[in-house]
Amino acid sequence: MEDDAQVGQGEDLRKFILAALSASHRNVVNCALCHRALPVFEQFPLVDGTLFLSPSRHDEIEYDVPCHLQGRLMHLYAVCVDCLEGVHKIICIKCKSRWDGSWHQLGTMYTYDILAASPCCQVSIVRKTPKVKFH
């Protein structure tokens, strides 16, 4: 995580995430895909998976943490290591393709929506996020 951040930004990011969770009275986050509860640790990696921010609240994902980044409302989501590495089969409901999160770095926070960034089909592009089903 701190390899990608400039010196001192890793600590600022850690504080930002922990403050957002504290404001929502949360000490766990749930995987956006399989809903598994992920405990939040005090030091990096903060969760057993990865975190990401989205400017949009995904109605089909019930677990988000609202937070503000540079004055803009964002939604903090998590994806567990099992969903990222394909242990859990995550497929698009429309095109039936499998979601592959293996290229995401564990233990970091992306400042963009990792589900919307790599759409699998035209329906996902229109929706701005794949409609997935957990198996």
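An unreviewed UniProt entry lists the chain under the name Headcase middle domain-containing protein, with Phasianus colchicus given as the organism.

Turning to the overall build of the chain, a few remarks are in order. Looking only at helices and strands, the chain features 3 helices and 8 strands. Put simply, the chain has 135 residues, and 42% of those count as buried. Long-range contacts, defined as pairs at least 24 residues apart, comprise 59% of the intrachain contacts of the chain with a sequence gap of at least 6. When the accessible surface of the chain is totalled, it reaches about 7,500 Å², and 51% of it is carbon and sulfur.

What follows covers the confidence of the model for the chain. This prediction gives the chain a mean pLDDT of 82; 83% of its residues lie at or above 70. Across residues 1-7, where pLDDT falls below 50, the model places 10 contacts with residues more than four positions away in sequence or in other chains. Per-residue pLDDT stays below 50 along residues 125-130; that stretch engages in 13 contacts with residues further than four places along the chain or on separate chains.

A complete count under the given rule lists 2 aromatic pairs for this structure. Look at F52 and Y77: their rings are 5.4 Å apart centre to centre, the planes differ by 25°, and that puts the pair in the stacked class. Taken as a pair, F52 in strand β3 (residues 49-54) and Y77 in strand β5 (residues 72-80) lie far apart in primary sequence, 25 residues in all. Each member of the pair, F52 as well as Y77, is classed as buried. A ring pair is formed by Y110 and Y112, whose centres lie 5.4 Å apart and whose planes are at 65°; its orientation type is edge-to-face. Of the residues examined, Y110 reaches a relative accessible area of 14% and is grouped as buried.

In any sheet, the strands associate via hydrogen bonds between backbone groups, in a parallel or an antiparallel arrangement. Reading across the sheet, the 4 strands line up as β4-β5-β3-β7 and stay open at both edges, with mixed pairing between neighbours. Each having just a single partner strand, β4 (65-69) and β7 (109-110) make up the two edges of the open sheet.

A few words on the nonpolar core. The biggest cluster of nonpolar side chains holds 34 residues, and the ones touching the most others in it are I17, V29, L76 and V79. Elements that contribute at least two residues to this core include exactly α1 (9-23), β3, β4, β5, α2 (81-84) and β7. No other element matches β5, which puts 6 residues into this core. Other than its neighbours up to four places away in sequence, V29 contacts L21, R36, A37, L38, V40, V47, L51, V65 and A78.

Summed over all chains, the structure comprises 4 salt bridges. Residue R36 is joined to D82 by a salt bridge in which the shortest nitrogen-to-oxygen separation is 3.1 Å. Taken together, the residues span a long stretch of sequence, with R36 in the loop between β1 (28-30) and β2 (37-39) and D82 in helix α2 at a distance of 46 residues. Sharing partners across several salt bridges, the network here consists of R36, D48 and D82.

Calculation criteria
- Residues numbered from 1 in each chain as written.
- Predicted model: local features only at pLDDT ≥ 70, side-chain atom pairs only at ≥ 80, totals over all residues.
- Heavy atoms only, no water.
- Helix = DSSP H or I, 4+ residues; strand = E, 2+ residues; numbered from the N terminus.
- Buried < 20%, exposed > 50% of the residue type's maximum accessible area, 1.4 Å probe, protein only.
- Contact = heavy atoms within 4.5 Å.
- Areas by Shrake-Rupley, 256 points an atom, 1.4 Å probe, with all protein chains shown as cover.
- pLDDT = per-residue confidence, 0-100.
- Phe/Tyr/Trp six-rings, centres within 6.5 Å; stacked < 30°, edge-to-face > 60°.
- Pairing = 2+ DSSP bridges.
- Core = buried A, V, L, I, M, F, W, Y, C linked by side-chain atoms within 4.5 Å.
- Salt bridge = Lys/Arg side-chain N within 4 Å of Asp/Glu carboxyl O.

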